[in-house]
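One-letter residues, chain by chain:
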Amino acid sequence: MLAKIVKPGDKLELTKANVSVTSSEKFSKNIKKETYFSKIYDIIGEDKLKIAMPMDGTHLIFPAINTRYELSIHTKGGIYHCKGIVIERYKEASLHVMILEVYTGIQKFQRRQHYRFACNLIITYRVLSQAEASLLTDSDALEAFRDALSERGYLKGVTLDISGGGIRFTSAQLIEPDTSILCKFSIDMEGKKNSFSVISRLVQSKEMPHRKNQYEHRVKFDSISDQDRETLIRFIFEEERRYRKNKKG
């Protein structure tokens, strides 16, 4: 099962809770968690992963045997979650590796669990009528509608944070809750510009304190392809890793 989902080269995020192996399987929310990054070298049998020794910034981490991790594995088919325990670690040629035994089922990322990444991107958006929103139910119609509009049909804003499920941004316009809007924005990833046009639903719009005629909006993506969502999640993953690395110096 594991080999059918994950492949060598897939990246993974390891989150460790500071609890002993004799403690409850449920990690307390009050326990400080540490997150590291690594990649898969090989899949061994049905339930074991050979991975690169995790990094904390530029430093290698050498977990003790029996250390347990929550794993987020980034595959071409999406992000998967499971739990694993360190059963072996060693040096192979010039590489430090460890063996993780996966002791839970592997489950695809639940769409309701979206991590919000703070960033400032230029966003343009258009408030849609109910008729327009109902018409834009497929990618071809959305593409035709977008191309038919001039830039004068859009308003500008700046994002506060972004996730695979939605965006929080600011603009000079108050928007009614439950309004459908067409959001356009771009991200730079691996030297390539990725552009998005996403029909979204306005969840909340409120005036910003101490900023006259500026409003904060929170929108949920109503219509986004799985491919675009996974691209956003990979972007967030890479940017968060880069931020942590730079923070460590």
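Refer to the structure above for everything that follows.
Residues numbered from 1 in each chain as written. Predicted model: local features only at pLDDT ≥ 70, side-chain atom pairs only at ≥ 80, totals over all residues. Heavy atoms only, no water.

1. Structural notes on the pattern of salt bridges
Right, on to step 1. Evaluation of the coordinates by the stated rule reveals seven salt bridges.
Right, on to step 2. Lys 50 is the salt-bridge partner of Glu 92, the closest N and O atoms lying 3.0 Å from each other. Taken together, the residues Glu 92 in strand E7 (residues 78-92) and Lys 50 in strand E3 (residues 48-52) connect sequence positions 42 residues apart.
Right, on to step 3. For Glu 92, a relative accessible area of 34% corresponds to the partly exposed category.
Right, on to step 4. Its salt-bridge partner being Arg 116, residue Asp 161 comes within 2.9 Å of it at the nearest N-O pair. Of the two residues, Asp 161 is situated in strand E12 (residues 155-162) and Arg 116 in the loop between strand E9 (107-108) and strand E10 (117-118); the sequence distance between them amounts to 45 residues.
Right, on to step 5. Classification of Asp 161 as buried rests on a relative accessible area of 8%.
Right, on to step 6. Classification of Arg 116 as partly exposed rests on a relative accessible area of 32%.
Right, on to step 7. Taken together, the shared-partner salt bridges in this structure form one network comprising Arg 116, Asp 161, Arg 168 and Glu 216. (Salt bridge = Lys/Arg side-chain N within 4 Å of Asp/Glu carboxyl O. Helix = DSSP H or I, 4+ residues; strand = E, 2+ residues; numbered from the N terminus. Buried < 20%, exposed > 50% of the residue type's maximum accessible area, 1.4 Å probe, protein only.)

2. Details of the pairing of E7
The two faces of a sheet get side chains in turn, since along a regular strand they alternate between them.
Right, on to step 1. Bridge count for strand E6 (residues 68-75) against E7 is eight bridges, and the pairing is antiparallel. What sits directly across from Tyr 69, in E7, is Gly 84.
Right, on to step 2. Of the pairings in the sheet, the one linking E7 to E9 comprises two bridges and is antiparallel in character. If you follow His 81 over to E9, its bridge partner there is Gln 107. (Pairing = 2+ DSSP bridges.)

3. Side note on the pairing of strand E16 (residues 215-223)
Right, on to step 1. In the sheet, strand E13 (residues 166-171) pairs with E16 via six bridges, with the strands oriented antiparallel. Paired with Gly 166 across the strands is Lys 220, a residue of E16.
Right, on to step 2. Relative to E16, strand E15 (residues 192-207) is paired through eight bridges, and the arrangement is antiparallel. If you follow Gln 204 over to E16, its bridge partner there is Arg 218.

4. Comments concerning the environment of Glu 176
Right, on to step 1. By the secondary structure assignment, Glu 176 is in the loop between E13 and strand E14 (180-189).
Right, on to step 2. Judged by relative accessible area, Glu 176 falls into the exposed class, the value being 56%.
Right, on to step 3. Measuring from C-alpha to C-alpha, the distance between Glu 176 and Val 127 comes to 9.7 Å, with 49 residues separating the pair along the chain.

Shape descriptors only; they carry no functional weight alone.
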